[in-house]
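# Analysis of the macromolecular model
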Amino acid sequence: MAKTTKKTFAQDELDPSQMKIRVTAPLGARRRAGLSFTDVPRDLTLADLGEDMETAQATLKLLSGDPQLSVAPVIEEGSIEPAQEGAPQE
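Look at Ala 33: it is not a glycine, yet its phi comes out positive at around 55 degrees. Mapped onto the elements of the fold, Ala 33 is located in the loop between β2 (30-32) and β3 (35-37).

Okay, structure coming up:
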């Protein structure tokens, strides 16, 4: 089993290249980290934010820290299974 660190991910976790965020600039056009945003939602993957994980995380931090941008995770329908109440635990 591979050791999980900041730079590697366990196989049963979400693939970081498939994780998406939705960014909008509700107050008007905005540029940040070399990317343009408007009031139209723009979906980005971590791969869109940088060539490696460190760059992508730094870009995500910049976008999230900008008070003129709205940044939210995109959860694809069916990508997360709801917990079943009363299901037997193993």
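Attention now moves to the sheet that holds strand β5 (residues 70-74). Ordered by their spatial adjacency, three strands build an open sheet running β4-β1-β5, and the pairing between neighbours is antiparallel. The sheet terminates laterally at β4 (42-45) and β5, the two strands that pair on one side only. With strand direction ignored, the average angle separating the axes of adjacent strands in the sheet is 30 degrees.

Moving on, we come to the confidence of the model for the protein chain. On average, residues of the protein chain score 78 in pLDDT, and 66% of them reach the 70 mark or higher. Mean pLDDT per element in the protein chain: helix α1 (residues 46-49) is the minimum at 89, and β3 is the maximum at 95. Within the model, pLDDT remains below 50 along residues 1-12, and this stretch shows seven contacts once partners closer than five positions in the same chain are excluded.

Reading the values: rules and limits
Residues numbered from 1 in each chain as written. Predicted model: local features only at pLDDT ≥ 70, side-chain atom pairs only at ≥ 80, totals over all residues. Heavy atoms only, no water. Helix = DSSP H or I, 4+ residues; strand = E, 2+ residues; numbered from the N terminus. Pairing = 2+ DSSP bridges. Axes fitted to C-alpha atoms, helices over the stretch in contact; angles between N-to-C directions. pLDDT = per-residue confidence, 0-100. Contact = heavy atoms within 4.5 Å.

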